[in-house]
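# Coordinate analysis (summary)
Here's the letter readout for the chains.
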Amino acid sequence: MTTPTTTKEKFETRKLPMMPIRDVVIFPYMMTPFVVGRESSVRALEEALAADKKIFLATQHDASIDEPKPTEIFQVGTIVNIVQSLKLPDGNIKVLVEGVERGKILQVVDTAGYFQATVRTAKYGTEITPAVEAAMQRVTGLFEQYVKLCQSLNYETMIAAVRMEDPSKLTDTIASNLQLSIEEKQELLEIFDPGDRLNRIADVLDIEIEKLNMDRTIQSRVKRQMERAQKEYYLNEKIKAIQKELGRGEKSEWDELKKKVDAAGMPKDVHEKALQELKKLEAMPPMSAESTVSRNYLDWLLAVPWKKRSKEIRSIERAEKVLNEDHYGLEKIKERILEFLAVRQLVKNPKGSILCFVGPPGVGKTSLGMSIAKATGRKFVRMSLGGVRDEAEIRGHRRTYIGALPGQIIQMMKKAGTKNPVFMLDEVDKMSMDFRGDPSAALLEVLDPEQNFMFVDHYLDVEYDLSQVFFVATANVMHTIPAALQDRMEVLRLHGYTEPEKIEIAKQFLVRKQRLSAGLTEKNIQFTDDAIAAIIRGYTREAGVRNLEREIGNICRKVARKVVKEGAEYRIAMTAENVHDFLGVIKFRDTEAHEKSEVGLVTGLAWTEVGGSILSTEVTVVEGKGKLTLTGKLGDVMQESAQAAVSYIRSRAAQLGLPRDFYRNLDIHVHVPEGAIPKDGPSAGITIATAIASALSKIAVRRDIAMTGEITLRGKVLPIGGLKEKLLAAHRAGIFEVLLPKDNEKDLAEVPENLRNQMKLHCVESMDDVLRIALEKPLPAPLPDEPQSVTLPIAPPPASDTPTAHQ
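Residues numbered from 1 in each chain as written. Predicted model: local features only at pLDDT ≥ 70, side-chain atom pairs only at ≥ 80, totals over all residues. Heavy atoms only, no water.

### Considering the packing of aromatic side chains
For the structure shown, the criterion picks out four aromatic pairs. Here F662 and Y663 contribute two aromatic rings whose centre-to-centre distance is 5.8 Å and whose plane-to-plane angle is 85°, an arrangement assigned as edge-to-face. On the basis of relative accessible area, Y663 is assigned to the partly exposed category, the value being 23%. Here the guanidinium or amino end of K414 rests over the ring plane of W300, the centre of that ring lying 4.4 Å away. Just above the ring of Y663 sits the side chain of R650; from NZ or CZ to the centre is 3.7 Å. (Phe/Tyr/Trp six-rings, centres within 6.5 Å; stacked < 30°, edge-to-face > 60°. Buried < 20%, exposed > 50% of the residue type's maximum accessible area, 1.4 Å probe, protein only. Lys NZ or Arg CZ within 6 Å of the ring centre and 35° of its normal.)

See the structure below:
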């Protein structure tokens, strides 16, 4: 197209208030309403209304920015006249503006909270030649085609609007009505020359008309395809009707589905239900929503294993070898698994076992389930129950719901593909409940050998046999598991590993695993037993071995970096002395025994989730009025133990060589160091009683002895839990003599033999036995029975700066 001849007049420069606008480009001769809400825009509008009602509008690059900078606004905009303005109740202003002419920003100044722009305008005069008329006619014709194809524009209104003789006004009117992006409209606005703009509008209209024609073609094609699909459906239905009249069965996918149903090995009632569902599916129109539901249901019935079983390996020798290769120690667990395999050899169809491994994190509960599957040759599936609070997760949803699926039990059985897998229910203690039901109650049927042979999932709505599944549950604690669920499982407790056991696990498993992960060889790095022991004592505080493996991996990665830097011949032997060079400052320090025996200072034993720890208890007496003060963030049970200990001491005052009314003039302060750590439990009872007796009698307690046990008001010593972990803690702290409740003597069988041989253990029944062994010298002779006042010297409390674990 020939470019129309234009003549440019002189430039004009004006200063006007400027308002950034978003999501719209305003052209000259265009009437546009919009709402002004930004504070800076309102000020600019008020300034314009106070002057000649002219304001400069420019579109901002990003509409999401509330306060754009001058650099974030297009440089070409439109000077407009404010035709109307109306203040709304919410403080915004609704305005109607009319575009006057283009302008280019030369300078923007922030004045009194709004932008003031220096704008340059340029006026062009266009000579109406035959070429210009031809160009205008072509653009008008193209616009008519565009309006006909675009359904959102009114044909008569648009055609009337573009009947004009000014090419500049024609192009701006058409540009304002085109359905273009902001960037494309801004490009048209930035063309000042009417002739160039006329050519560009023609090119844009050509492209837009082509797009609209393509859209119409696609729509018509889609319509034809839909009509063809309806026609095919109608003909298929006619074929079905003809075949039915001729007495011929439909030789299609229904025959294949029937063959699959017959070959699935379903029980009789399930087989009948599947055939009934298949019959219903044949009668349904393929396009109906109900047919999809029935087809999905049939697919699930066929996907679940009804008769396929894994060929079980019953060799006890092989199973024992696999378990020993995968895990060190855990003799009781291994023994129970081997017993299960022995029964499998003697009984043809025994019921599935339901075990529950309970123990702290990192002791190998989940990996034990994998080892059981490996040792028995079964498939292994795992379902995590942590955070599950919907009963439908176990039993599924009924088919009446849109998008219904079977529960996780059936889904995992489909994943296993056999009816006798090892099924791990991980973190069974971390389930919760809400208005949607209680998943732990749904598990009662799954984990009951007397019921799970006829488990009913809400989706399948048929009985499914789970009796051949080997269920293994894992938990960290038992008290959060409902009693009825506990009763259905055989609980096997996994205690924390001892230090020698951790060293062996690291040597046999962890070091090799982390060395391979880091790409190292045995030549590059070697770990001595002392190095592993140093890592365990200084950098981990856990019952399992997860953090130990993490720290070994940390060392291996640092060595790998040195191998890359210095060459493959780099070698290092890890010792207790150079461990800190790789792992940094020691994170944990074991609490050691006291340096000397002191009055009112007793070493107790505590159990924590990461193992045992020693716990110092301090008591001091001061003149007062019989007040008992307990500090150290003690829990309710521990505070009650302290009160029981004081009551016992008061009731035995004469036998302990104390006046009967000693408490009237004395305050007793019991403190357990590490005050930021919460402590609770009854097992510190004899520890507190011994400390009080020592402080009142001024007889020091032996530094080389530790104790644990619950106290009664009559001075009896009751049993406690966590015995193995507590003895390990005493041994680690260098204490080899421990006082235990007599009733815990039976639990010593669980303590490693080497630990029992190294320690001197006293099983006590009463506080008299405790005081006789723990105090450095015997108590004074009993006082006469008549009451008398006394004020005892105060024993200074010992300083304690070693960290202890909470009880």
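### As for the confidence of the model for the protein chain
For the protein chain, the mean per-residue pLDDT works out to 82, and 92% of the residues sit at or above 70. Mean pLDDT across the elements of the protein chain ranges from a minimum in helix 3 (residues 155-161), with 66, to a maximum in strand 20 (residues 706-707), with 94. (pLDDT = per-residue confidence, 0-100. Helix = DSSP H or I, 4+ residues; strand = E, 2+ residues; numbered from the N terminus.)

### Overview of the pattern of salt bridges
In this structure the tally under the stated criterion is 30 salt bridges. Measuring nitrogen to oxygen at the nearest pair gives 3.8 Å for the salt bridge that ties D326 to K374. Pair noted here: D326 is in helix 10 (residues 316-326) and K374 is in helix 12 (residues 365-376), with a separation of 48 residues, a long-range link. D429 is paired through a salt bridge with K430; the nearest N and O atoms lie 3.4 Å apart. Owing to a relative accessible area of 37%, K430 belongs among the partly exposed residues under this scheme. Among the charged side chains, a salt-bridge network with shared partners connects R102, D172 and R197. (Salt bridge = Lys/Arg side-chain N within 4 Å of Asp/Glu carboxyl O.)

### Observations concerning the side chain of T474
Relative to the elements of secondary structure, T474 occurs in strand 12 (residues 470-475). Given the relative accessible area of 1%, T474 is considered buried. In terms of polar contacts, T474 uses its side chain to reach the backbone amide nitrogen of E427, at 3.0 Å. In this view, T474 contacts F357, K365, M424, L425, D426, E427, V428 and D429; residues no more than four positions away in its chain are not counted. (Polar contact = N/O pair within 3.5 Å; in protein donor to acceptor, adjacent residues only side chain to side chain. Contact = heavy atoms within 4.5 Å.)

### Quick word on helix 17 (residues 499-517)
Maximum bend of helix 17: about 50°, positioned at A506. Turning to helix 17, its buried residues are E499, K502, I503, I505, A506, F509, L510, V511, Q514 and R515. Along its buried surface, helix 17 packs onto helix 10, strand 14 (525-527), helix 18 (529-539), helix 19 (546-566) and helix 23 (723-732). (Bend = angle between axes of the 7 residues up to and from the residue.)

### What to know about the sheet that holds strand 8 (residues 380-384)
Read from one edge of the open sheet, five strands run 8-9-12-7-13, paired in parallel fashion. Of all the strands in the sheet, the pair left with one neighbour each is strand 8 and strand 13 (490-493). The mean angle between the axes of side-by-side strands here comes to 20°, regardless of whether they run parallel or antiparallel. Taken together, the four bridges between strand 9 (residues 422-426) and strand 12 define a ladder with parallel strand orientation. If you follow V422 over to strand 12, its bridge partner there is F470. (Pairing = 2+ DSSP bridges. Axes fitted to C-alpha atoms, helices over the stretch in contact; angles between N-to-C directions.)

### Quick look at a positive patch on the surface
A contiguous patch of positive charge on the surface is contributed by R557, K558, R561, K562 and K565. Along the chain, K558 falls in helix 19. (Patch = residues over 30% accessible without salt bridge, like charges linked within 9 Å, V, L, I, M, F, W, Y side chains within 5 Å. Areas by Shrake-Rupley, 256 points an atom, 1.4 Å probe, with all protein chains shown as cover. Lys, Arg positive; Asp, Glu negative; His and termini not counted. Charge placed at Lys NZ, Arg CZ, Asp CG, Glu CD.)

### Things to note about the packing of helix 10 against helix 11 (residues 331-346)
Closest axis-to-axis distance for the helix 10/helix 11 pair is 10 Å, and the angle between their directions is 160°. Classified by the angle their axes make, helix 10 and helix 11 are roughly antiparallel. Seen from above, helix 10 lies across helix 11 with right-handed handedness. On helix 11, the residues that touch I316, A319, E320, L323 and N324 of helix 10 are K334, I337, L338, L341, A342 and Q345. Grouping the amino acids of the contact of helix 10 with helix 11 by side-chain chemistry returns seven nonpolar, two polar and two charged. (Parallel < 35°, antiparallel > 145°, perpendicular 65-115°, else oblique. Left-handed = near helix turned anticlockwise from the far one by under 90°. Nonpolar A, V, L, I, M, F, W, Y, C, P; charged D, E, K, R; others polar.)

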